[in-house]
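Summary of the model geometry
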Amino acid sequence: MRKTTKIITGGSCTIRVKGNITTKTGGKTVIWAKGGIEINSSGSITYSAAEGHFYGDYVPPEELYTTHPTVLRVEFFDETNKLLNQNTKDFYYGKKLKLKVTTRDAKDGTLIFVKLQAKSKSKNQPFDLMSPNRKYNWWAKEVVDNKFETPFFELNPNWYSDDFEYYDYNDHNTKIKEEDLNEFYAEVRFDSKTVYFPLAGERLKPIAYKRNYEELIGLFKTDNSGEKDLIENYENRFIDSVKYFKNIVDDFSEFIHEDNCDLTIDQIDAEVLKTARQLWEEAVWQNRGYDLKTETKDKETGQENTVITSVKAILDDRPLYWARISMEVILKRHPAFYDDIKTLDQKDQEDFFVKSIVPKKSRLWKTIQLFEEQSRNYTNIDFSKAGYKKKVLITGFDPFFLNSIKYPNRYNILQSNPSGVVALALANNDKSGAYIQTMIMPTRYSDFDGSQDYDNGQGEGIVEKYIKPFVDQVDMIITVSQYLPNENVIDVFGTSRRGGLNDNMNFIRKSGSQAISTKIEWIQTTLPKTFINAPFVKFNWKYDDLPNPNNVVPQKDQILNEGSGGDYLSNEIFYRVGKIRSELRPSLATGHFHIEKIQDGRINEDLNPLKISNLLSIIRKGIEEGVKGII
């Protein structure tokens, strides 16, 4: 899970209470601080222990008890009986392993006590399931033939310290240094003496799937120091900002990594189908506002009453975005997928284990696609309740340009994408003269062109797969994305050409290259001109970043390096949808609505509730007027 029940601090820890603090333990309580410990109280401070107590410098036991007269060694083995000591770094969390203790001159039947131990450089590393869990304690077991072996067990993937991962911008992959990996060993008590084996330098240092570029950004500390943290990071901040998102993510983490050690991929898929859908529905609910019903009962009369409280909408797409990121990392670290990936060719294995790219041939790819389909609403678009109303499909985008640590004067890790808010707030809406269905698209080239290369791609992807089927079913398709401050425009032209800008995966596409192989260089919108009847909305006729006051239409085969809205993925989705429309149903109203940016990346401005509410009102009115123009 993303939280810890253990507090380890190399700095300051302050606890303030108005009442009492009571700590009860059936064993020992250890407080270890590199600095001083100061205890202040206006009343008395009492320490008591049945066997007395001792004050003084505390030496971590693994640095003290390194020899034993009878215990020779402790070793880790995997299911194939491969020795895992000697700093083995290719053993993955969640895979089965066992401990083997070897003694000398021990009488058969002598009792041994073994307990798994772990050490981390991360101050917030949660090993919270270890101490109270008998799964990692083997008490009063018998030694036979100078050996004791534990049953097979697993190391919780949530124990992996990904806060020490770093992205290599030259190699385009995520790395972690050996010295930053957590290490595992055992506390062994035998013949009334304790030893900690294996010794430092020989302990097990397991690994897990390393977060990709997009996933890693969320681990930056909220103090903007540039460090990463398991607890106080932006990913957790946004997930925890809405209670229901926190519950969904934490419950999913428990189910995948803690409650069910031997899940099959089919069982994981069943949970993904349910939980990812729940994530989308919760996001829609949160962005729309709702009535909360509370049942009460009068203690004296027994009369039951229903109290209805109106809960105001929280207009924010970021909890959904960061929850999806966190949950997909959880999925990618489940050991059920590792064995499948290791059956693939060497390139696919390297893509996953080195480059953090999920191979398309793997079962994991299908599971991640299932999660994307449900949590982005790709496959749950349903116009069956539209009745006689016009059917309108609207798409939004994920937040982007988030790495404000690498690009402090340009990017903003607090960034929302107002188009995502629009998609969530208008989902299933029937109050704008139409019945609206929505989905949210990723800001990733690979999803659009189907290529997982860093700088190459020219094919079909999510637009053709998930939007194309609705061209014959709807009356209008509006793709929406974030634009410039104070600009709400309907882009007139979309181009097949791309710029060379980085996406959320730090991928690029060659500047001037085509998104898809085609002779159709540019597309013109067919959205109704009635959009401009809404205040603050206008048509944007420029192309190649030049003003076009006379509304000149380019020549048929003219190459446009930029469409009206630029050369990024907003232009690309406009072009792709327009191209499909021109081929299948030329009269269909399609086009791109570029809506204003309301956060300043240079100063890490947060999302202002009033600004996003006002913007949503503008967009609602624009769509309402646009629908009136549908023939």
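Described in the following lines is the structure provided in the data block. A quick note: this is a predicted structure, and the numbers were derived from the prediction, not measured.

1. Here's the deal with the overall build of the protein
The secondary structure content of the protein amounts to 13 helices and 20 strands. Scored against the burial criterion, the 631 residues of the protein give a buried share of 53%. By sequence separation, contacts in the protein at least 24 residues apart represent 75% of the contacts at least 6 residues apart.

2. Quick notes on the packing of aromatic side chains
Taken as a whole, this structure holds 39 aromatic pairs when the rule is applied. Their ring planes at 70 degrees and their centres at 5.7 Å tell us that Phe127 and Trp159 sit as a pair that is edge-to-face. With Phe127 in the loop between strand E3 (111-119) and strand E4 (137-142) and Trp159 in the loop between strand E6 (153-154) and strand E7 (166-168), this pair connects stretches of sequence that are 32 residues apart. Pairing Phe493 with Trp541 gives two aromatic rings, centres 5.8 Å apart and planes at 80 degrees, and the pair type is edge-to-face. Of the two residues, Phe493 sits in strand E17 (residues 493-495) while Trp541 sits in the loop between strand E19 (538-540) and helix H12 (569-584), which places them 48 residues apart along the sequence. Here the two residues Phe493 and Trp541 agree in accessibility, since each one is buried.

3. Some remarks on the packing of helix H4 (residues 265-288) against helix H9 (residues 418-425)
Two numbers describe how H4 lies on H9: the axes approach to 8 Å, and their chain directions differ by 95 degrees. The orientation of H4 with respect to H9, classified from their angle, is roughly perpendicular. Along its contact with H4, which presents Trp280, Ala283, Val284 and Asn287, the element H9 presents Val421, Leu424 and Ala425. When grouped by side-chain class, the residues that make up the contact of H4 with H9 number 6 nonpolar, 1 polar and no charged.

4. Here we look at the nonpolar core
One finds Leu116, Phe184 and Met441 to be the most contacted residues of the largest nonpolar core, which totals 116 residues. Excluding residues within four positions of it along the chain, Phe184 makes contact with Phe76, Tyr93, Leu116, Gln117, Ala118, Phe127, Met130, Leu155, Trp159, Arg203, Leu204 and Pro206.

5. Things to note about the pattern of salt bridges
Using the criterion set out here, one finds 49 salt bridges in the structure. Ionic pairing is found between Lys221 and Asp223, a salt bridge with its closest N-O pair at 3.7 Å. Its relative accessible area of 11% is what places Lys221 among the buried residues. As a salt-bridge pair, Lys361 and Asp348 come within 3.9 Å of each other at their nearest N and O atoms. You can see Lys361 sitting in the loop between helix H7 (346-353) and helix H8 (363-375) and its partner Asp348 sitting in helix H7, a full 13 residues away along the chain. Through salt bridges with shared partners, a single network forms among Glu214, Arg324, Glu372, Arg376, Asp398, Arg444 and Asp447.

6. A few points about the sheet that holds E4
What the 4 strands build is an open sheet, ordered E4-E3-E9-E10; its pairing is antiparallel. Of all strands in the sheet, those with a lone pairing partner are E4 and strand E10 (193-197), marking the two edges. On average, each strand axis in the sheet is inclined to that of its neighbour by 20 degrees, with strand direction left out of account. As judged from the 8 bridges shared by E3 and strand E9 (residues 183-190), these two strands associate in the antiparallel manner. Paired with Leu116 across the strands is Ala186, a residue of E9.

7. Brief notes about H12
The end-to-end C-alpha distance of H12 is 22 Å, a good match for the 22 Å that 16 residues give at a rise of 1.5 Å each. Of all 16 residues that make up H12, 13 are buried, and the element is covered over most of its length.

8. Let's talk about the sheet that holds strand E15 (residues 476-482)
The sheet built from 6 strands is open, its strands ordered E14-E13-E15-E20-E16-E19 with mixed pairing. Each of the sheet's edge strands pairs with one partner strand only, and the pair in question is strand E14 (434-441) and E19. Adjacent strand axes in the sheet meet at a mean angle of 30 degrees when their direction is disregarded. Contacting strand E13 (390-397), E14, E15, strand E16 (489-491) and strand E20 (589-595), H12 runs over the sheet at an angle of about 170 degrees to E20.

9. What to know about the environment of Phe197
Within the secondary structure layout, Phe197 lies in strand E10. In this structure Phe197 comes out as buried when scored by relative accessible area, which is 8%. Spatially, the C-alpha atom of Phe197 lies 8.3 Å from that of Glu62, the residues being 135 residues apart in sequence.

10. With respect to helix H13 (residues 609-628)
In this model, H13 (20 residues) spans 29 Å end to end at C-alpha, consistent with the 28 Å of a helix rising 1.5 Å per residue. Ile612, Leu615, Leu616, Ile618, Ile619, Gly622, Ile623, Glu625, Gly626 and Val627 are the residues of H13 that are buried. At its buried positions, H13 is contacted by E13, H9, E14, E15 and E20. For H13, the N-terminal capping position is held by Asn608, with its side-chain oxygen 2.9 Å away from the main-chain nitrogen of Leu610.

11. Details of the pairing of E9
The buried fraction of E9 amounts to 7 of the 8 residues, a majority that puts the element mostly inside the structure. Bridge count between E9 and E10: 5 bridges; the pairing is antiparallel. From the neighbouring strand, Arg189 faces E10, where its bridge partner is Thr194. Taken together, E9 and the strand that follows it, E10, pair antiparallel across an intervening segment of 2 residues, in which Asp191 is found at a positive phi of about 55 degrees.

12. A closer look at the packing of helix H5 (residues 318-332) against H8
Taken N-terminus to C-terminus, the directions of H5 and H8 make an angle of 160 degrees; their axes are 11 Å apart at the nearest point. In terms of orientation, H5 and H8 fall into the roughly antiparallel class. When the axes of H5 and H8 are compared, the crossing they make is right-handed. Mapping the contact onto sequence places Leu320, Arg324, Met327, Glu328, Leu331 and Lys332 in H5 and Leu364, Thr367, Ile368, Phe371, Glu372 and Ser375 in H8.

13. Let's talk about the environment of Ala313
Mapped onto the fold, Ala313 is located in the loop between strand E12 (304-311) and H5. Looking at Ala313, the relative accessible area reads 26%, which means it is partly exposed. Taking the C-alpha atoms as reference, Ala313 lies 3.7 Å from Gly289; in sequence the two are 24 residues apart. With sequence-adjacent residues up to four places away left out, Ala313 is seen in contact with Gln286, Asn287, Arg288 and Gly289.

14. Brief notes about the side chain of Thr495
You can see Thr495 is positioned in strand E17. Since its relative accessible area comes to 1%, Thr495 is described here as buried. Side-chain polar atoms of Thr495 contact the backbone nitrogen of Arg497, separated by 3.1 Å. There is a polar contact of 2.6 Å between the side chain of Thr495 and the backbone oxygen of Leu560. Not counting the four nearest positions on each side in its chain, Thr495 is found in contact with Glu521, Trp522, Leu560, Asn561, Glu562, Gly563, Gly566, Asn571 and Tyr575.

15. Thoughts on unusual backbone geometry
Each neighbour pair has its own omega, and for Phe197 with Pro198 the value is -10 degrees, a cis peptide bond. Note on placement: Pro198 falls in the loop between E10 and helix H1 (213-217). One non-glycine residue, Asp191, lies in the positive phi region at around 55 degrees. Following the sequence through the fold, Asp191 ends up in the loop between E9 and E10.

How each quantity is defined
Residues numbered from 1 in each chain as written. Predicted model: local features only at pLDDT ≥ 70, side-chain atom pairs only at ≥ 80, totals over all residues. Heavy atoms only, no water. Helix = DSSP H or I, 4+ residues; strand = E, 2+ residues; numbered from the N terminus. Buried < 20%, exposed > 50% of the residue type's maximum accessible area, 1.4 Å probe, protein only. Contact = heavy atoms within 4.5 Å. Phe/Tyr/Trp six-rings, centres within 6.5 Å; stacked < 30°, edge-to-face > 60°. Axes fitted to C-alpha atoms, helices over the stretch in contact; angles between N-to-C directions. Parallel < 35°, antiparallel > 145°, perpendicular 65-115°, else oblique. Nonpolar A, V, L, I, M, F, W, Y, C, P; charged D, E, K, R; others polar. Core = buried A, V, L, I, M, F, W, Y, C linked by side-chain atoms within 4.5 Å. Salt bridge = Lys/Arg side-chain N within 4 Å of Asp/Glu carboxyl O. Pairing = 2+ DSSP bridges. Expected span 1.5 Å × (residues − 1). Polar contact = N/O pair within 3.5 Å; in protein donor to acceptor, adjacent residues only side chain to side chain. Left-handed = near helix turned anticlockwise from the far one by under 90°.

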